[in-house]
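# Structure assessment
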Amino acid sequence: MKKILALLLCIALVFSFSACKGKNNDTGGNNSSVISNSDVSSNSSAASTDSDDSSSSSSSSSSSSNISSTLFDDDEVDIDKIVSDNNSLLSSTDLKKAVKTTYKKPKNVIIMIADGMGPNDIEVCKKFSTYQFKYGLSFTYLPNRGYAVTDSLSAGATDSAASATALATGSKTHNGYLGMLGANTTLKNASEVAREQGKRVGIVTTDPLSGATPAGFSVHNTSRYNTDQIANSLIEFAPDVAIGNSNFHSSYASKMSHFNLAVGVDTFKSAIASDPTFSKPFFGFDNFQVFSNSDRLATATSAALSRLENDKGFFLMVEHSGPDNAGHDGNLKGKVNSVASFDKAVAVAIKYCLKHPDTVLIVTSDHDNGGLILPNKDNYELSDVRWTSNVHTDADVRVFGLGYGTEIFKGKTVDNTDIGKFLIAAIKGKTYKI
């Protein structure tokens, strides 16, 4: 009996060793779009909600931020082989030219943020978006691609306030804080630096202007939930262009009577043209329908660029809040549509860069939301995509760059504060090195 037990024990040890060896050697193949279960935790205690409770992050030894920095399989894109598309937002010919253009030191600086867009959100959108460019998502062709670590100073995943602060100031902070490190330390943001440099400033979002991401680029507050204080501070700062959800207009219109106001994206350009001397800040409002693959954010971005262009240059932040909202709602179709809609706005910016090679463009996300898991196969249906969470994860996000100096992001995993430092250096006409 003892001999039989000993034999069984030996067999078990052999199988255990083989399984461990197989697991340790398993890299998931060459498919960079697949994040394994160990990469994104489904435990909400290691994640952060954004719209509900930014302080809900709790300490966890499980980290999902360490997506391998070697996952750059898509970096060698043959731009000359992309499918022909004569779309007016960005034709394939213009995209090819934009990627190959030699860019100058930047006068204009643009950052575009898809709130809550993780790496696999991009892969799902590339596969299932409809009414998109024939060549796919424009921002995936930008030449300088990397990843960014997003975690804040709080335990667990970042919220949008802390991540926006990192992207806007180059400094980490705790969840819930906007442009501040603690109650008594104010962090200068890119918008303020741009204004000091004599540049115009634009804030465009599908969220209300008091939302965490636009607020991180425009105000200072110890809590993202101090909505009235944030709104009043933004109105006082008065960006040259501020575009957001109509909810903000209905709440604060009386305080903006001295601004050039417009409601509905189709009226933005005519309203801007009605003030040819740019004597007033332009504030525009729209119901952006964040779960639709619409051109509304693209139209708003185009209008903002028409108002911001000037001899001294500008700084522009554009955000699409849809991917984050869809993550909280478990709305996979909403994820696909909002990423596609965001990309149309990016296409407008790419076309602008082509015409103005003294412009630098960064496309990224503030954090992942939902931790999407893709099947480890090429042919799958949208119903096969799996959620691991309905809140933020600390998965690394993608960074895409176009323009002078953005090569520092190519093939690297950087911290999100490096993006903020890069923006501020570019606004000042300086070069940032990681």
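Scroll up for the structure.
Right, let's walk through the structure included here. (Residues numbered from 1 in each chain as written. Predicted model: local features only at pLDDT ≥ 70, side-chain atom pairs only at ≥ 80, totals over all residues. Heavy atoms only, no water.)

### Overview of the pattern of salt bridges
According to the stated counting rule, one finds 12 salt bridges in the structure shown. For Lys 335, the salt bridge is made with Asp 121, and the minimal N-O distance between the two is 2.4 Å. With a gap of 214 residues between them, Lys 335 in helix α12 (residues 332-355) and Asp 121 in helix α3 (residues 119-128) connect regions that are remote in the sequence. For Asp 121, a relative accessible area of 2% corresponds to the buried category. Three or more residues joined by partner-sharing salt bridges are found here, namely Asp 151, Lys 172 and Asp 415. (Salt bridge = Lys/Arg side-chain N within 4 Å of Asp/Glu carboxyl O. Helix = DSSP H or I, 4+ residues; strand = E, 2+ residues; numbered from the N terminus. Buried < 20%, exposed > 50% of the residue type's maximum accessible area, 1.4 Å probe, protein only.)

### Observations concerning the packing of α3 against α12
Relative orientation of the contacting elements α3 and α12 amounts to 90°, with a least axis distance of 9 Å. As summarised for this structure, α3 and α12 are arranged roughly perpendicular, according to the angle between their axes. In this structure, α3 uses Asp 121, Val 124, Cys 125 and Phe 128 to contact α12, whose residues at the interface are Lys 335, Val 336, Val 339 and Ala 340. Looking at the contact of α3 with α12, its residues break down into 6 nonpolar, no polar and 2 charged. (Axes fitted to C-alpha atoms, helices over the stretch in contact; angles between N-to-C directions. Parallel < 35°, antiparallel > 145°, perpendicular 65-115°, else oblique. Contact = heavy atoms within 4.5 Å. Nonpolar A, V, L, I, M, F, W, Y, C, P; charged D, E, K, R; others polar.)

### Topic: the sheet that holds strand β5 (residues 260-263)
The 10 strands are arranged β5-β6-β4-β3-β7-β1-β8-β11-β2-β12 in an open sheet whose pairing can be described as mixed. Each end of this open sheet is capped by a strand with a single partner; those strands are β5 and β12 (413-415). Between one strand and the next, the sheet's axes are offset by a mean angle of 20°, whatever the strand orientation. (Pairing = 2+ DSSP bridges.)

### Some details on the side chain of Ser 338
Counting through the fold element by element, Ser 338 comes out in helix α12. Judged by its relative accessible area of 0%, Ser 338 falls in the buried class. A distance of 3.2 Å separates a polar atom in the side chain of Ser 338 from the backbone oxygen of Lys 335. (Polar contact = N/O pair within 3.5 Å; in protein donor to acceptor, adjacent residues only side chain to side chain.)

### What to know about the pairing of strand β6 (residues 282-286)
Burial analysis of β6 places 5 of its 5 residues in the buried class, which makes it a mostly covered element. Of the two faces of β6, the one lined by Phe 282, Gly 284 and Asp 286 and the one lined by Phe 283 and Phe 285 are each fully buried. Pairing between strand β4 (residues 241-245) and β6: 5 bridges, direction parallel. In the strand pairing of β6, Ile 243 is matched with Gly 284. Pairing of β5 with β6 involves 4 bridges; the strand directions are parallel.

### Let's talk about the nonpolar core
Side chains of a nonpolar character, in soluble globular proteins, are inclined to be buried together. Counting residues in hydrophobic clusters, the biggest one holds 65 residues, and the most contacted among them are Met 112, Phe 139 and Leu 361. Excluding anything up to four places from it in sequence, Phe 139 contacts Met 117, Ile 122, Val 339, Phe 342, Asp 343, Val 346, Val 363 and Phe 400. In terms of nonpolar packing, the next biggest core, distinct from the first, is built from 49 residues, Ala 190, Ile 362, Ala 426 and Ile 427 among them. (Core = buried A, V, L, I, M, F, W, Y, C linked by side-chain atoms within 4.5 Å.)

### Re the packing of helix α10 (residues 296-308) against α12
In the contact formed by α10 and α12, the axes pass within 7 Å of each other and the chain directions differ by 30°. The angle between α10 and α12 falls in the class roughly parallel. In this structure, the crossing between α10 and α12 has a hand that is right-handed. Listed contacts from α12 to Leu 297, Ala 298, Thr 301, Ser 302 and Leu 305 of α10 are Phe 342, Lys 344, Ala 345, Val 348 and Tyr 352. Across the contact of α10 with α12, the residue classes break down as 7 nonpolar, 2 polar and 1 charged. (Left-handed = near helix turned anticlockwise from the far one by under 90°.)

### Considering the pairing of strand β8 (residues 359-364)
Within β8, 6 of the 6 residues are buried, which leaves the element mostly enclosed by the surrounding structure. Of the two faces of β8, the one lined by Thr 359, Leu 361 and Val 363 and the one lined by Val 360, Ile 362 and Thr 364 are each fully buried. Here 6 bridges tie strand β1 (residues 108-114) to β8, and the two strands are oriented parallel to one another. In the sheet register, Ile 111 faces β8, and the bridge partner there is Ile 362.

### Side note on the packing of aromatic side chains
The full count for this structure, using the stated rule, is 12 aromatic pairs. Consider the rings of Phe 128 and Tyr 380, whose centres lie 5.7 Å apart with planes at 70°: the pair is edge-to-face. Taken together, the residues span a long stretch of sequence, with Phe 128 in helix α3 and Tyr 380 in the loop between β9 (368-369) and β10 (392-393) at a distance of 252 residues. Of the two residues, Phe 128 and Tyr 380, both sit in the buried class. Centroid distance Tyr 135 to Tyr 141: 5.9 Å. Interplanar angle 85°. Geometry classified as edge-to-face. Tyr 141 carries the same exposure label as Tyr 135, and that label is buried. Ring-pair connections join several aromatic residues into one group, and the members of that group are Phe 133, Tyr 135 and Tyr 141. In this structure, Lys 127 packs its charged tip against the face of Tyr 380, placed 4.9 Å from the ring centre. (Phe/Tyr/Trp six-rings, centres within 6.5 Å; stacked < 30°, edge-to-face > 60°. Lys NZ or Arg CZ within 6 Å of the ring centre and 35° of its normal.)

### Quick notes on the environment of Pro 208
By secondary structure assignment, the location of Pro 208 is in the loop between β3 (200-205) and α6 (212-216). Take Pro 208: its relative accessible area is 23%, and that puts it in the partly exposed class. Put simply, Pro 208 and Ser 246 are 38 residues apart on the chain and 7.1 Å apart in space, counted from C-alpha to C-alpha. Leaving out residues up to four positions away in the same chain, Pro 208 has contacts with Pro 214, Asn 245 and Asn 247.

### Quick word on helix α2 (residues 92-100)
Buried within α2 are the following residues: Ser 92, Asp 94, Leu 95, Ala 98 and Val 99. Taken around the axis of α2, the buried residues stretch over an arc of 155°, which confines them to a single face. (Arc of directions from axis to C-beta.)

### What about the environment of Ala 238?
Here Ala 238 lies in the loop between α7 (227-237) and β4. C-alpha of Ala 238 to C-alpha of Val 201: the two residues are 37 residues apart in sequence and 8.9 Å apart in space. Contact partners of Ala 238, with chain neighbours within four places excluded, come to Arg 195, Phe 259, Pro 281 and Phe 283.

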